[in-house]
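The primary structure of each chain is shown beneath.
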Amino acid sequence: MNKLEVPGKFDRAARGYDLLVGLNPGYHQALRRSARALGLRPGMRVLDLGCGTGASTAALVAAVPGLEVVAVDASEGMLSRARRKRWPSTVRFVHSRAEDVDEGEFDAVFAAYLVRNLPDPDATLQHVRRLMKPGAPLVLHEYSVRDSWLSTALWTVLCGVIVPIGWLVTGDRSLYTYLWRSVIDFDGASALRDRLRRNGFVGVRSAPVPGLQLGVVHTFTGQEPQR
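Residues numbered from 1 in each chain as written. Predicted model: local features only at pLDDT ≥ 70, side-chain atom pairs only at ≥ 80, totals over all residues. Heavy atoms only, no water.

Structural notes on the sheet that holds strand S1 (residues 45-49)
Stage number 1. Strand order in the open sheet formed by seven strands is S3-S2-S1-S4-S5-S7-S6, and the pairing between neighbours is mixed. A strand with exactly one partner marks an edge of an open sheet, and here the two such strands are strand S3 (91-95) and strand S6 (202-208). Each adjacent strand pair in this sheet contributes to an overall mean axis angle of 15°, direction not counted.
Stage number 2. Where strand S5 (residues 137-143) lies against strand S7 (residues 217-223), seven bridges are found, and the strand directions are antiparallel. Looking across to S7, one finds that Leu138 is bridged to Gly222.
Stage number 3. Against the sheet, helix H4 (residues 76-83) touches strand S2 (68-73) and S3, its axis set at about 160° to S3. (Pairing = 2+ DSSP bridges. Helix = DSSP H or I, 4+ residues; strand = E, 2+ residues; numbered from the N terminus. Axes fitted to C-alpha atoms, helices over the stretch in contact; angles between N-to-C directions. Contact = heavy atoms within 4.5 Å.)

Re the pairing of S7
Stage number 1. In terms of burial, S7 is largely enclosed, as six of its seven residues are buried.
Stage number 2. Sheet topology note: the S6/S7 ladder contains five bridges and is antiparallel. By the bridge assignment for S7, Ala207 is matched with Thr219. (Buried < 20%, exposed > 50% of the residue type's maximum accessible area, 1.4 Å probe, protein only.)

With respect to the pairing of S3
Stage number 1. Where S2 and S3 come together, five bridges link them in parallel fashion. Pairing of Val69 across the sheet is with Val91, part of S3.
Stage number 2. With respect to chirality, the unit in which S2 leads through H4 into the neighbouring parallel S3 is right-handed. (Right-handed = clockwise from strand over helix to strand, strands pointing away.)

What about the pattern of salt bridges?
Stage number 1. Tallying each qualifying case throughout the model produces 14 salt bridges.
Stage number 2. A salt bridge links Arg116 to Glu142, with the nearest nitrogen and oxygen atoms 2.8 Å apart. Here Arg116, found in the loop between strand S4 (108-112) and helix H5 (121-130), pairs with Glu142, found in strand S5; they are 26 residues apart in sequence, far enough to count as distant.
Stage number 3. A residue is classified by how much of its surface remains accessible, and Arg116, at 4% relative accessible area, is buried. (Salt bridge = Lys/Arg side-chain N within 4 Å of Asp/Glu carboxyl O.)

Here we look at helix H8 (residues 189-198)
Stage number 1. Of the positions making up H8, those classed as buried are Ala189, Leu192, Arg195 and Leu196. Across the axial projection of H8, the buried residues extend over an arc of 115°, all falling on one side.
Stage number 2. Elements that come into contact with the buried residues of H8 comprise H5, S5, S6 and S7.
Stage number 3. Positive backbone phi, at 100°, marks Gly200, one or two positions downstream of H8. (Arc of directions from axis to C-beta.)

Structure, rendered in structure tokens:
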């Protein structure tokens, strides 16, 4: 499946997506853990890239009260599901590709399960930097297994459950076989840290998210340089 087709695939899978992630133990807890890594404070303006049906948005709202959150996704179907939920008045959803976002400057950026789906990750990361205030933190919550054969094997075993359940719940097998392959082919944690540094982020670090997917999902942190 071509990466340009991914938003359309999520349009069609959106109706069953929340049910599917709800079957994943620790999914929302892991997102909240990564959201807290931003070091947020009340009143900050935060960009939530690839917000989907709002799971990452909810993690941000839970992290600190009083945030202004601009939640962006390229799939209108996923956003439609997100908008049906109850949100503070300071949360707004925007239909846009990450590389086209034009919503002013932000105090922090959060992107969950996004970067490996981008047609041009480097160009998008450079665009994201232009949206960040000096010193603003970035957190990526992302699958990354290529540095470890054990993590790669664990991911393949997990997908032996995820793919058929995803097919059953959403009616689209190709999206979940793509999910398996996209993670296998994506940067290892060290390569993604290097990608962030190469695109100008400083203070780059990563840590595996504890739980069932230990070594599969990671929190990557970086910062827009002070100017």
